[in-house]
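One letter stands for each residue in the lines below.
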Amino acid sequence: ILHVSGDHDLAKRVLRLYVQIVQKARETGTVDTEGHDTHDASATDTDALWVYTLVQGARMLCRVPKTVQDVHEAGKLVELARRKSKDMDDEMISRVELAEGIYQSVLALYGELSFVPMEVPLNKKHFIENNPTTRSALLSSAVRTLSRSVERHPTSSSFFHLALCLARAIPERDLERAVGL
């Protein structure tokens, strides 16, 4: 709600606080010999809610990255969601793959970052432009990830982001498929 209302900084702070609190609460649980968490499930959010929040948080950070830290933090949230979603249904795995594809495409579009202190707001001069090797590799990876997301559980958002990636100048470029989505 905070992000939608325009208070991006407060939304990021609340997301960071939520992730820290839930991670600590989950760390205090016990794990049985099969690797399943056996602590009181009512003490923390369900796994599905945890993964959903991580995915939405990563997407929020990718929507309007203001600092280098935002971009890297989105990647960390996607990784946390991926680890926890392995045993979930196709819809949740698809959401994680969608967030990962969005994250990869944001990295590809911005290019490689030159050295910038973490708290400095980003602008175009902080990015190294014209690095086709890195950009095309990241976009190709995003196309594969978004294609898996569409195959698992098709949504309008996954089709949209896949079409955007397919329209970019990469070896997998397929404008007819992008328009057909």
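So, how was this worked out
Position numbers for residues start from 1 in each chain and track the written sequence from start to end. Note on the predicted model: pLDDT of at least 70 is required for a residue's local features to be given, and 80 or more for side-chain atom pairs to be given and counted; whole-chain, interface and lining totals, by contrast, use all residues. Note that the side-chain values use all heavy atoms of the structure and ignore hydrogens as well as water. Helix and strand assignments come from DSSP, with helices taken as H or I runs of at least 4 residues and strands as E runs of at least 2, each series counted from the N terminus. Burial classes follow relative accessibility: with a 1.4 Å probe on protein chains only, a residue under 20% of its type's maximum area counts as buried, one over 50% as exposed, and anything between as partly exposed. Residues count as neighbours in contact if any of their non-hydrogen atoms are within 4.5 Å of one another. Using a 1.4 Å probe, the Shrake-Rupley method yields the accessible areas, and only the shown protein chains count as cover for residues. Any Phe, Tyr or Trp ring, taking Trp's six-membered ring, that has another such ring centre within 6.5 Å forms a pair; planes under 30 degrees apart are called stacked, those over 60 apart edge-to-face, and the others tilted. In protein, a polar contact requires one atom able to donate a hydrogen and another able to accept it; more generally it is a pair of N or O atoms within 3.5 Å, and residues adjacent in sequence count only if both atoms are side-chain atoms. By convention a nonpolar core is built from buried Ala, Val, Leu, Ile, Met, Phe, Trp, Tyr and Cys residues, the set being connected through side-chain atoms within 4.5 Å. Per residue, pLDDT captures the predictor's confidence, and it can take any value from 0 to 100. What counts as a salt bridge is simple: a side-chain nitrogen of Lys or Arg found within 4 Å of a carboxyl oxygen of Asp or Glu.

(A) How the structure looks around the overall build of the protein. Tallying secondary structure elements over the protein gives seven helices and two strands in all. For the protein, the succession of helices and strands along the chain, N to C, is α-α-α-α-β-β-α-α-α. Relative to its full complement of 181 residues, the protein shows a buried share of 41%. In the protein, 58% of the contacts between residues at least 6 apart in sequence involve partners at least 24 apart. When the accessible surface of the protein is totalled, it reaches about 10,500 Å², and 56% of it is carbon and sulfur.

(B) Focus on the packing of aromatic side chains. All told, the structure shown has one aromatic pair when counted by the stated rule. Relative to tryptophan 50, the ring of tyrosine 18 has its centre 5.9 Å away and its plane inclined at 45°; by these criteria the two rings are tilted. Of the two residues, tyrosine 18 is situated in helix α1 (residues 8-27) and tryptophan 50 in helix α2 (residues 47-63); the sequence distance between them amounts to 32 residues.

(C) Main features of the side chain of serine 157. Mapped onto the fold, serine 157 is located in helix α6 (residues 156-166). A polar contact of 2.9 Å, which involves the side chain of serine 157, links it to the side chain of arginine 59. If sequence neighbours within four positions are ignored, serine 157 has contacts with Arg59 and Leu98.

(D) The arrangement of the nonpolar core in detail. If you look at the biggest cluster of nonpolar residues, it comprises 38 residues, and the most contacted ones within it are Val19, Val51, Leu54 and Leu77. Mapped onto this core, the elements with two or more residues apiece are α1, α2, α3 (68-84), α4 (90-110), α5 (132-152) and α6. Filtering out sequence-adjacent residues up to four positions away, valine 19 remains in contact with Trp50, Leu54, Leu77 and Leu80.

(E) Fine view of the confidence of the model for the protein. In the predicted model, the protein carries a mean pLDDT of 80, and the fraction of residues at 70 or more is 72%. Averaged over each element, pLDDT in the protein is lowest for strand β2 (residues 127-128) (48) and highest for α6 (93). This model gives residues 114-118 a pLDDT under 50, and the stretch forms nine contacts once residues within four places in sequence are excluded.

(F) Quick look at the pattern of salt bridges. In the structure shown here, the tally under the stated rule is eleven salt bridges. Arginine 152 is the partner of aspartate 90 in a salt bridge, and the nearest nitrogen-oxygen pair spans 3.6 Å. Taken together, the residues span a long stretch of sequence, with aspartate 90 in helix α4 and arginine 152 in helix α5 at a distance of 62 residues. Glutamate 91 is the salt-bridge partner of arginine 95, the closest N and O atoms lying 2.7 Å from each other. Here arginine 95 pairs with glutamate 91, and both are found in helix α4, just four residues apart, close to one helical turn. Of the residues examined, arginine 95 reaches a relative accessible area of 28% and is grouped as partly exposed.

(G) Looking closely at the side chain of threonine 145. Considering the arrangement of structural elements, one finds threonine 145 in helix α5. By relative accessible area, threonine 145 is classed as buried at 3%. In this structure the side chain of threonine 145 is engaged in a polar contact, spanning 3.2 Å, whose partner is the side chain of glutamine 104. In contact with threonine 145, other than residues within four places in its own chain, are Glu97, Glu100, Gly101 and Gln104.

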